[in-house]
Amino acid sequence: MKKNIKLIDLDCANCAAKIENAVKKIEGVTNASVSFMAQKMTLEAPDEKFAQVLDEVKKIIHKLEPDITIK
C-alpha cells in the first residue's frame, strides 16, 4: 500500500531528511520519501502491516519534531 501523509508545520529541509531516514529504518517500510516543499511524506508498506507501520511512523515524527501535525 502506498499513502501520502500531510506533514503540517514541517519547517526545514534538514528536519524532512531526518524524518525520512528514521522512517526508512522501521521494519515493514518498503519505501518512504519526505518532500519539504510539499510538506508531505509518501509511505509504502505491505497492506497487512500498514496500520502498525503508520502508528510507528507517527511516534517517530512526534519524537523528532513534536510541532508537526500529521493528517
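Structure: above.
Just so you know, these numbers come straight off a predicted model, no measurement behind them. (Residues numbered from 1 in each chain as written. Predicted model: local features only at pLDDT ≥ 70, side-chain atom pairs only at ≥ 80, totals over all residues. Heavy atoms only, no water.)

J.: I'd like a rundown of the pairing of strand β3 (residues 40-44), residues and numbers included.
T.: In summary, the side chains of a regular strand alternate between the two faces of the sheet. Here strand β1 (residues 2-8) runs beside β3; their pairing, made up of five bridges, is antiparallel. Each bridged residue has a counterpart across the sheet, and for Asn4 the counterpart in β3 is Thr42. Note: strand β2 (residues 31-35) against β3, five bridges, orientation antiparallel. Its bridge partner being in β3, Asn31 is matched across the sheet by Glu44. A loop of four residues connects β2 with β3, the two strands running antiparallel in sequence, and Gln39 in this loop sits at a positive phi of about 50°. (Pairing = 2+ DSSP bridges. Helix = DSSP H or I, 4+ residues; strand = E, 2+ residues; numbered from the N terminus.)

J.: How would you sum up the state of the cysteines? Please name residues and give values.
T.: Scanning the entire structure with this criterion turns up one disulfide. Linked covalently through their sulfurs, Cys12 and Cys15 form a disulfide whose S-S length is 2.3 Å. Disulfide Cys12 to Cys15: torsion about the S-S bond roughly 85°, handedness right-handed. Exposure remark for Cys12: the relative accessible area of 23% places this residue in the partly exposed category. (Disulfide = S-S within 2.5 Å. Buried < 20%, exposed > 50% of the residue type's maximum accessible area, 1.4 Å probe, protein only.)

J.: Describe the sheet that holds β1, naming the residues involved and giving the relevant values.
T.: One open sheet accounts for four strands, arranged β2-β3-β1-β4; its pairing is antiparallel. Every interior strand has two partners, whereas the edge strands, β2 and β4 (69-70), have only one. Each of β2 and β3 touches helix α1 (residues 13-24); the most contacted strand, β2, lies at about 170° to it. Docked against the sheet, helix α2 (residues 50-64) engages β1, β3 and β4, running at close to 145° with respect to β3. (Contact = heavy atoms within 4.5 Å. Axes fitted to C-alpha atoms, helices over the stretch in contact; angles between N-to-C directions.)

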